[in-house]
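Report on the structure
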Amino acid sequence: MGSKTSTADPRGLEQAVTGGGEVRSSEESSNHRGAKGPQFKGNAEAARAGEIDVSLTTPLKVRQLQRALYAKAKANPTYRFYALYDKIYRKDVLLWAWSCCRANGGSAGVDGQSFAGIEAKGVEAWLDQLAKELKEKTYRPQAVRRVTIPKPDGKQRPLGIPTIKDRVAQMAAVIVLEAIFEADLTEEQYAYRPQRSAHDAVKEVHALLNRGYREVVDADLSSYFDTIPHHELMRSIARRVSDGAMLALIKSWLEMAVEEQDGKGGKRRTTLNKDSGRGTPQGAPISPLLANLYMRRFLLGWKHAGWERKLKARIVNYADDFVILSRGKAKQAREAMEGMMQRLKLRVNQQKTRICRVPEESFDFLGYTMGQCYQAKTGRAYIGTKPSKKRVARICDKISQMTQRRWCWKETEDLVGELNLVLKGWGNYFRLGSVSKAYRAVDSHTRHRLRQWLCHKHKVRASERNRFWDQYLYQELGLLRLQRFSTNLPWAKAT
């Protein structure tokens, strides 16, 4: 997993770097660098600390560098930066890049080198060696270790794990480049950006629905990260960067080999990205920035072609997820979008892309169902948001897996602690709109599964399950109760 941290301010980097310079690492940001979309499964450190946010503070000199780059880019939209490569091997930049990567942890890459192993031998010497390789241009990226993670539909999603050396080098490049490209990204983009989050995107969609943009193109792209064309992407980068060494470094990351299990106990390496000229390495710190940069082409093109004005159609984008909200011209908006994506060499998933008319229909965006809701007390209808049924079912399935009989060997307090981490992470993300019903469902399922686990662990007959009453679970064991969250959330209305 890459870093959740971001290093520039989309609403004025000057304010961020002259202020506390905090780099947020929270479920509220939901912007894990390198992930496909919003994450809310853990944030264990924040949960253990009883906090929602855990922040890293950007060093002063790094903030000053970012401020200068951002100010230059913002003041001159056509300026091309010609001296950037030497910035990425600056000692303070590399040290900050290490801190960002270390804060996010993650597994070792193909070289087997771990964070703990590097720390045992000395981080400063390790960074000095990396700086030397970058300065002398002897640095070469290693292969990305590919693993697969299950998707909700039963399929597998490939995830790349670069070596820690490559992660730190990429993060150093991000620290420099993000400040420049942040000045160019559009208002419609919310993913992987500082002081922006999935919550902000959901709120914007909700606001547009309430302003009359009720015909929605619920769009889906097929394997966006894997299909971004290198040539066109490099042109987007070169529009701002003329430093040949920096461009060559980025190109080398795009063409990194992939190592994976061959199914026979061995390993195989492939160079699919290099051979096809497509794709960014998912899981790598630089991938989100590159993905945002290429999506910017579509969003700018939409405006320049006049579709926003002619069709009264607004876009809200988060990574490869986006919706087009219009005032009665969704069909034309979909046709225009598909034509543009074809020119951008991206593929629209025709099976998942659909037109939705609110309030007659609802649609899901970033884990929330958006459409017509009803107040429980009055029955009044309104356009609102709530956690989607799929996401409620997914967290319940996760709880079921964690409380299977095979885990009865665990200490009760340990299992409850693990459940609380998962519940807190989920609750921190799903706290917009009407959440009470979803919270009740998850709480009820958690109580049921924990009681079953306790019966199996202590060999209690089913008829005696009542000995584990709610008070025992919540007060004595300390199980987290999501329903208590809603009393303190301004967006969580009991409906």
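Anything mentioned here points back to the structure above.
A brief look at the structure comes next. (Residues numbered from 1 in each chain as written. Predicted model: local features only at pLDDT ≥ 70, side-chain atom pairs only at ≥ 80, totals over all residues. Heavy atoms only, no water.)

1. Here's the deal with the sheet that holds strand β12 (residues 368-374)
- If you trace the 3 strands from one edge of the open sheet to the other, you get β11-β12-β13, paired in antiparallel fashion. Every interior strand has two partners, whereas the edge strands, β11 (363-365) and β13 (381-387), have only one. Strand-to-strand, the axes of this sheet are offset by a mean angle of 40 degrees, without reference to chain direction.
- The sheet contact formed by β11 and β12 spans 3 bridges and is antiparallel. Its bridge partner lying in β12, Phe 365 is registered against Tyr 368. (Pairing = 2+ DSSP bridges. Helix = DSSP H or I, 4+ residues; strand = E, 2+ residues; numbered from the N terminus. Axes fitted to C-alpha atoms, helices over the stretch in contact; angles between N-to-C directions.)

2. Considering the state of the cysteines
- For the coordinates displayed, the defined rule picks out 0 disulfides.
- Cys 101 provides the cysteine sulfur closest to Cys 100, a residue in no disulfide bond, and the two sulfurs are 6.7 Å apart.
- Take Cys 100: its relative accessible area is 0%, and that puts it in the buried class.
- Free of any disulfide, Cys 408 has its nearest cysteine sulfur in Cys 455, 9.9 Å distant. (Disulfide = S-S within 2.5 Å. Buried < 20%, exposed > 50% of the residue type's maximum accessible area, 1.4 Å probe, protein only.)

3. Thoughts on the pattern of salt bridges
- Overall, the coordinates contain 22 salt bridges when judged by the stated rule.
- A salt bridge links Arg 102 to Glu 119; its shortest N-O distance comes to 2.7 Å. Of the two residues, Arg 102 sits in helix α5 (residues 91-104) while Glu 119 sits in helix α6 (residues 115-121), which places them 17 residues apart along the sequence.
- The residue Lys 251 makes a salt bridge to Glu 255 at a minimum N-O spacing of 3.6 Å.
- According to the relative accessible area criterion, Lys 251 is partly exposed, its value standing at 31%.
- A residue is classified by how much of its surface remains accessible, and Glu 255, at 25% relative accessible area, is partly exposed. (Salt bridge = Lys/Arg side-chain N within 4 Å of Asp/Glu carboxyl O.)

4. Focus: unusual backbone geometry
- Here the amide bond leading from Val 358 into Pro 359 is cis, since omega sits at 15 degrees, within 30 degrees of zero.
- One can find Pro 359 in the loop between β10 (354-357) and β11.
- Backbone geometry at Gln 195 places phi at a positive 55 degrees, although glycine is not the residue there.
- The backbone phi angle of Leu 366 is positive, close to 55 degrees, even though this residue is not glycine.

5. Notes on the packing of helix α3 (residues 60-75) against helix α8 (residues 164-181)
- Running from N to C, α3 and α8 cross one another at 35 degrees; their axes reach a closest spacing of 7 Å. Between α3 and α8 the crossing geometry is right-handed. Counted together, Val 62, Leu 65, Gln 66, Leu 69, Tyr 70 and Ala 73 of α3 and Ile 175, Val 176, Ala 179 and Ile 180 of α8 form the full contact between these two elements.
- Residues of the contact of α3 with α8, tallied by class, amount to 9 nonpolar, 1 polar and no charged. (Left-handed = near helix turned anticlockwise from the far one by under 90°. Contact = heavy atoms within 4.5 Å. Nonpolar A, V, L, I, M, F, W, Y, C, P; charged D, E, K, R; others polar.)

6. Quick word on the packing of aromatic side chains
- Using the criterion set out here, one finds 17 aromatic pairs in the structure.
- Ring centres of Phe 298 and Trp 302 lie 6.0 Å apart, and the angle between their planes is 55 degrees; this geometry places the pair in the tilted category. In this pair, Phe 298 and Trp 302 are both assigned in helix α14 (residues 287-304), 4 residues apart and thus about one turn of the helix distant.
- When its relative accessible area of 1% is taken as the criterion, Trp 302 is described as buried.
- Ring pairs connect the aromatic residues Tyr 368, Trp 426, Tyr 429, Phe 430 and Tyr 439, which therefore count as one cluster.
- A cation over a ring is seen here: Arg 196 above Tyr 190, with NZ or CZ 4.8 Å from the ring centre. (Phe/Tyr/Trp six-rings, centres within 6.5 Å; stacked < 30°, edge-to-face > 60°. Lys NZ or Arg CZ within 6 Å of the ring centre and 35° of its normal.)

7. Digging into the pairing of strand β8 (residues 313-318)
- Of all 6 residues that make up β8, 5 are buried, and the element is covered over most of its length.
- For β8 and strand β9 (residues 321-326), the ladder comprises 6 bridges, and the chain directions are antiparallel. Of the residues in β9, the one forming a bridge with Ile 315 is Ile 324.
- Between β8 and β9, which pair antiparallel and follow one another directly, the connecting turn spans 2 residues, one of which, Ala 319, has a positive phi of 55 degrees.

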